[in-house]
Amino acid sequence: MEKIFNRLNESQTNAVKQTEGPVLILAGAGSGKTTTIISRLAYLIEVIGIPASNTLTLTFTNKAAKEMKERSLAMIENVAYPPLLCTFHKFGLLFLKFNIHLLNRKNNFVVIDTDDKKRIIKKINSELPTPLIASEISRYKNSLLTPDDAYKQAELFNYKQIAEVYREYENYLNENNLVDFDDLIALTYKLLNDNPELAKTTSQKYQYIMIDEYQDTNELQLKLIQKLCTSHNNICVVGDDDQSIYGWRGAHIRNIMEFDQDFLGANVYKLEENYRSRSPILKVANALIEHNRSRLGKKLLSTRGGGDDVTTLNSNDENEEARKIATKIGKLLESGVRAKEIAVLYRVNVLSRSIEEGLNRAGIAYKLVGGLRFYDRAEIKDLISYIRVITNNHDDFSLKRIVNKPKRGLGKASVDKIELAAHANETSIYEYIKNSDISTLEGLVKKKNSLTLKEFVKNIDMVAKAALESTYEFIDLLEDTFHLKDIYKGTQDESDRILNMDEFYGLFRDFIKKSPDSSLDEFLNELTLQSEQDQVEGESIYMMSIHASKGLEFEHVFIIGLEEGFLPLIGDGSDLEEERRLGYVSMTRAKETLTLSHAASRFYKGRRSDLQKSRFFNEAGLCDGSLIVEKNTAFKKGDLVRHKVFGTGRVAGVSRAGREFKLNINFAGTKRDILASFVERL
DNA sequence: AACGGCATCTTTTTT
DNA sequence: AGATGCCGTT
């Protein structure tokens, strides 16, 4: 008991002790959110005596789940079964494994990722843009619309087309026993909704439910949570409306704003003591976020006090910015700051380039977080496709990916013919090849190709048998039989790809070592749900998007690209309040110092554009008159300008005149004050 | 089947 | 600029 509470403050303690009924914990940045959830779980299990198996804690990322698991295991002793603590999608996967038969489907389904989804869509329809269809299908599923519903709802012809693609896509998934990410949640909800008895027993199993990062839940997830609460109301959600930055992918900030309406009788606890940042940092972050109109209202107070003022960095362009930041980082490192305590954050990934160059020139090692993920790499997807075909011979989709990798002379034309014939016989490509006489195949494709196809199928069979006997040895046999490392032979990045393949083989062996009894399809589904491998800790500074920085903290943070158009990003679908929250999230990553940087121009999308300083400087209470920008043109002291009447002059000073900027210009010895919009820069 | 040239698009990202 | 995708040529 003491162990649980001696590290908690008063509001955290209150939130932990409120075990019954709906609870909303509004946890500001750096306010000890994870500690609070873990303590609450420990309290339920160790003090109240709730069996661990009757609790359920859901997160969004594997990383969060992993961290919580580790921390809770350290805190909870004498528990026979660890509590179920996993991502929403993992929960869906587990649930479907047990219950998908109620939808007349077999539980050896395979989870496909976004890339697979797009390939399937592309095959069905290559006219409309695939990403659009993919996101629309996702939207339909999250709104629980069937293809029929989508079709009826569609007014524009294109949307009728999309609904048709959606229908065929669903048929394809069913025929091949595949589920996509959205299905993991949507089918789980559907089962609970269609089977009240199942909802009741499931809800009774999970008596106490906690949800992390509640501001990131979408409409469907809320419905699922409500189903899980069918027989009780013990739902505790933790989140921060000010850190909701995933609206663009369907997160519904109203869920946290109106929690008390969805779950009546809710208790609300606010965690407003910040253990992370020095007070000048919080002052700036608080000032910025206060400009948002829709918030629950919460103000972070620093428990650490003191500290340096927030620094503003003004540069003419991205190269100057990069030089300045590299210099500052160099000084920090010289003064003994650990590299991993420094981070450069940006709104848009492309902004990393100039900084990378600057750091390279200064000889400072950095680690780029984000970018192409390991499991999304082509070579890794090839290996996964092989394993998929081996576990499920009917997976035409994966088979087509690998049938000519490495090159076996089986081009699109040949494979299309075989596929057509297979469909005519209502069977899969694999089965068709396996069960057809060589003479039948020769009627479709070249003689040489029919032999190759037969050989391919024979090898898949052979490796699949080996896998049943020894999963561990299977992986070597796979490489030896198909020579997968030859796929990228002769390409420029061959050695990188081979390194990645070896890493994958290593991961496979680790998995089998850890759980020797698991089948290949368990391995596959685990993989699909896996995000980026843990970043190795090293002696280099971090660079990442603001989104990627959520939940992390660094002693010294640099935020670059604070310009109108970048932060806030302006475009269709952009939401100024969400942009402000991004600003807030990025600022509150800093513990000791925060540097906000802006450049007057950047090279972007193939051309150089002038940029206006972000409004967030003013909103955060950081005014700076040294560089004034208007009508997409930056002015500063010393610039040459032309005026329609007075001709050419040189800027001697810049000041503010209401909403406009006023320039003091020296026209051949005569200084005049002119509004900036009346001159052009030369 | 494979390659190369041309057009197009460009926020954030997890599962 | 740089990546991606499509189409026509070899």
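Since this is a predicted model, take the numbers as computed values, not measurements.

Close to DNA strand C lie Lys 122, Arg 353, Phe 603, Lys 605 and Gly 606, which account for all nearby residues. Of all atoms in DNA strand C that approach within 4 Å of the protein, 46% are sugar or phosphate atoms. Of the residues assigned to the surface near DNA strand C, the class counts are one nonpolar, one polar and three charged.

Here the focus is the environment of Arg 361. Here Arg 361 lies in helix α17 (residues 352-361). For the pair formed by Arg 361 and Ala 322, sequence separation is 39 residues and the distance between their alpha carbons is 9.9 Å.

Here the focus is unusual backbone geometry. Here the residue pair Lys 405 and Pro 406 is connected by a cis peptide bond, since its omega of -10 degrees sits within 30 degrees of zero. Looking along the chain, the bond that leaves Leu 567 and enters Pro 568 is cis, with omega of 5 degrees. Position of Pro 568 among the secondary structure elements: in the loop between β15 (554-559) and α28 (576-587). Here the phi dihedral of Glu 213 falls at roughly 50 degrees; this positive angle occurs in a residue that is not glycine. Tracing the backbone through its elements, the reader meets Glu 213 in the loop between β6 (208-211) and α12 (219-228). Located in the positive-phi region is His 483, a residue other than glycine, with phi close to 50 degrees. By the element assignment, His 483 lies in the loop between α24 (471-482) and α25 (494-514).

Bringing helix α7 (residues 130-142) into the picture now. Three- or four-residue spacings in an α-helix give side chains the same orientation, since the helix completes a turn every 3.6 residues. Compared with an ideal rise of 1.5 Å per residue, which puts 13 residues at 18 Å, α7 spans 18 Å between its outermost C-alpha atoms and is within 8% of the ideal. Among all positions of α7, only Thr 130, Ile 133, Ala 134, Glu 136, Ile 137, Ser 138, Tyr 140, Lys 141 and Asn 142 are buried. Leu 144 sits one or two positions beyond α7 and adopts a positive phi of about 60 degrees.

With that out of the way, let us pick up the pairing of β6. Residues of β6 alternate between two faces, with Tyr 208 and Met 210 on one and Ile 209 and Ile 211 on the opposite face, all of them buried. Where strand β2 (residues 55-59) meets β6, four bridges bridge the pair, whose relative direction is parallel. Residue pairing for β6: Leu 56 is matched across the bridge by Ile 209. As defined by bridge partners, β6 adjoins strand β7 (residues 235-239) across three bridges and the pair is classed as parallel. Within β7, the position partnered with Ile 211 by the bridge is Val 237.

Scanning the entire structure with this criterion turns up zero disulfides. With no disulfide of its own, Cys 229 has Cys 236 as its nearest cysteine by sulfur position, at a separation of 11 Å. On the basis of relative accessible area, Cys 229 is assigned to the buried category, the value being 8%. Accessibility expressed as a relative area gives 1% for Cys 236, which makes it buried.

Note on placement: Gly 358 falls in helix α17. Residue Gly 358 is classed as buried on the basis of its relative accessible area, which comes to 7%. The spacing of Gly 358 and Glu 318 is 40 residues in sequence and 9.6 Å in space, taken between C-alpha atoms. Setting aside residues up to four positions removed in sequence, Gly 358 forms contacts with Ala 322 and Ala 326.

What counts, and where the lines are drawn
- Residues numbered from 1 in each chain as written.
- Chains lettered and ligands numbered in written order.
- Predicted model: local features only at pLDDT ≥ 70, side-chain atom pairs only at ≥ 80, totals over all residues.
- Heavy atoms only, no water.
- Near = heavy atom within 4 Å.
- Nonpolar A, V, L, I, M, F, W, Y, C, P; charged D, E, K, R; others polar.
- Helix = DSSP H or I, 4+ residues; strand = E, 2+ residues; numbered from the N terminus.
- Expected span 1.5 Å × (residues − 1).
- Buried < 20%, exposed > 50% of the residue type's maximum accessible area, 1.4 Å probe, protein only.
- Pairing = 2+ DSSP bridges.
- Disulfide = S-S within 2.5 Å.
- Contact = heavy atoms within 4.5 Å.

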